[in-house]
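Reading the structure
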Amino acid sequence: EVMKAKADEVLQVGMDYSSRLTTAAYGDYEKLKEAFLRKTVPSYMKRFEACLSAKQWFAGNELTYCDFFMYHIIECTSLMEEGILQPYPNVLAFLARFEAVPKINKYLTSDRYLRWPCNNANASWGGADDPLPAFAHTIQKTVQ
């Protein structure tokens, strides 16, 4: 029960961050970009970094549903600006751990996984008309 409560709590914070990411991506991105990248991202990533400082996953040491959502929003953020997550080693380690889970890795490295666009055609950033950023990290295949 404690882990489920923690997962719910993390999910709510993640949804709050996702709402802000959506506002930037679907609004006037060029106008909103600086404030989002310089204020919102650091504010939330510091919280995520602290949350991951003593455990492997967001709700504890077992993968839960909240990790899937958190992976999506953090990975999407990583595509917004080169190096945006570099100050957050625990967050980067979380991404790598998530991508290395065998069944997840098999999906992420398959033709079925659609990494880009990470938003729909109505987005001003990350939509169908935008190319995948050249600096996007490559998801390493860890399973055969």
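A short tour of the structure in this document, coming up. Computed from a predicted structure; not experimentally measured.

How each quantity is defined
Residues numbered from 1 in each chain as written. Predicted model: local features only at pLDDT ≥ 70, side-chain atom pairs only at ≥ 80, totals over all residues. Heavy atoms only, no water. Helix = DSSP H or I, 4+ residues; strand = E, 2+ residues; numbered from the N terminus. Expected span 1.5 Å × (residues − 1). Buried < 20%, exposed > 50% of the residue type's maximum accessible area, 1.4 Å probe, protein only. Arc of directions from axis to C-beta. Axes fitted to C-alpha atoms, helices over the stretch in contact; angles between N-to-C directions. Parallel < 35°, antiparallel > 145°, perpendicular 65-115°, else oblique. Left-handed = near helix turned anticlockwise from the far one by under 90°. Contact = heavy atoms within 4.5 Å. Nonpolar A, V, L, I, M, F, W, Y, C, P; charged D, E, K, R; others polar. Salt bridge = Lys/Arg side-chain N within 4 Å of Asp/Glu carboxyl O. Phe/Tyr/Trp six-rings, centres within 6.5 Å; stacked < 30°, edge-to-face > 60°. Lys NZ or Arg CZ within 6 Å of the ring centre and 35° of its normal. Core = buried A, V, L, I, M, F, W, Y, C linked by side-chain atoms within 4.5 Å.

With twelve residues, helix H4 (residues 89–100) extends 16 Å from end C-alpha to end C-alpha; this agrees with the ideal 16 Å at 1.5 Å per step. Burial in H4 covers these residues: Val 91, Phe 94, Leu 95, Phe 98 and Glu 99. Along the axis of H4, the buried positions cluster into a sector of 125°, meaning they face one direction only.

As a further point, take the packing of helix H2 (residues 29–51) against helix H3 (residues 65–78). Contact geometry for H2 and H3: axes closest at 12 Å, N-to-C directions at 135°. Accordingly, the angle class assigned to the pair H2 and H3 is oblique. Crossing handedness for the pair H2 and H3: left-handed. Facing Val 41, Met 45 and Phe 48 of H2, the residues of H3 in contact are Met 70, Ile 74 and Thr 77. For the contact of H2 with H3, the per-class residue count stands at five nonpolar, one polar and no charged.

What follows deals with the pattern of salt bridges. A complete count under the given rule lists seven salt bridges for this structure. Across the pair Asp 16 and Arg 20 runs a salt bridge, and its minimum N-O distance is 3.6 Å. Of this pair, Asp 16 and Arg 20 both sit in helix H1 (residues 2–26), four residues apart, which is roughly one turn of the helix. The class of Asp 16 is partly exposed, set by a relative accessible area of 32%.

Moving on to the packing of aromatic side chains. The full count for this structure, using the stated rule, is 13 aromatic pairs. Aromatic pair Tyr 17 and Phe 48: ring centres 5.9 Å apart, planes at 85°, arrangement edge-to-face. Taken as a pair, Tyr 17 in helix H1 and Phe 48 in helix H2 lie far apart in primary sequence, 31 residues in all. Residue classification places Phe 48 among the buried positions, given a relative accessible area of 3%. Plain terms: the ring middles of Tyr 71 and Phe 98 are 4.5 Å apart, the flat faces sit at 15° to each other, and that makes the pair stacked. Residue Tyr 71 is located in helix H3, and its partner Phe 98 is located in helix H4; the two are separated by 27 residues in the primary sequence. For the pair shown, Tyr 71 and Phe 98 are each scored as buried. Taken together through their ring pairs, the aromatic side chains of Tyr 17, Phe 36, Tyr 44, Phe 48, Trp 57, Phe 58, Phe 68, Tyr 71, Phe 94 and Phe 98 make up a single cluster. Sitting over the ring of Trp 57, Arg 97 keeps its end group 5.6 Å from the ring centre.

Quick look at H1 now. With 25 residues, H1 ought to run about 36 Å at 1.5 Å a step, and its terminal C-alpha atoms sit 35 Å apart, in line with that. Along H1, the positions that sit buried rather than exposed are Ala 7, Val 10, Leu 11, Gly 14, Tyr 17, Ser 18, Leu 21, Ala 24 and Ala 25. Where the residues of H1 are buried, they touch H2 and H3.

A few words on the nonpolar core. In globular proteins that are soluble, nonpolar side chains generally tend to be buried together. Tyr 17, Met 45, Phe 48, Phe 58, Ile 74, Phe 94 and Trp 125 are the most contacted members of the largest nonpolar core, which has 41 residues in total. Mapped onto this core, the elements with two or more residues apiece are H1, H2, H3, H4 and helix H5 (102–108). Looking at this core element by element, the count peaks at eight residues for H2. In this structure Met 45 touches Tyr 17, Ile 74, Thr 77, Leu 85, Tyr 88 and Val 91, once residues within four positions along its chain are discounted.

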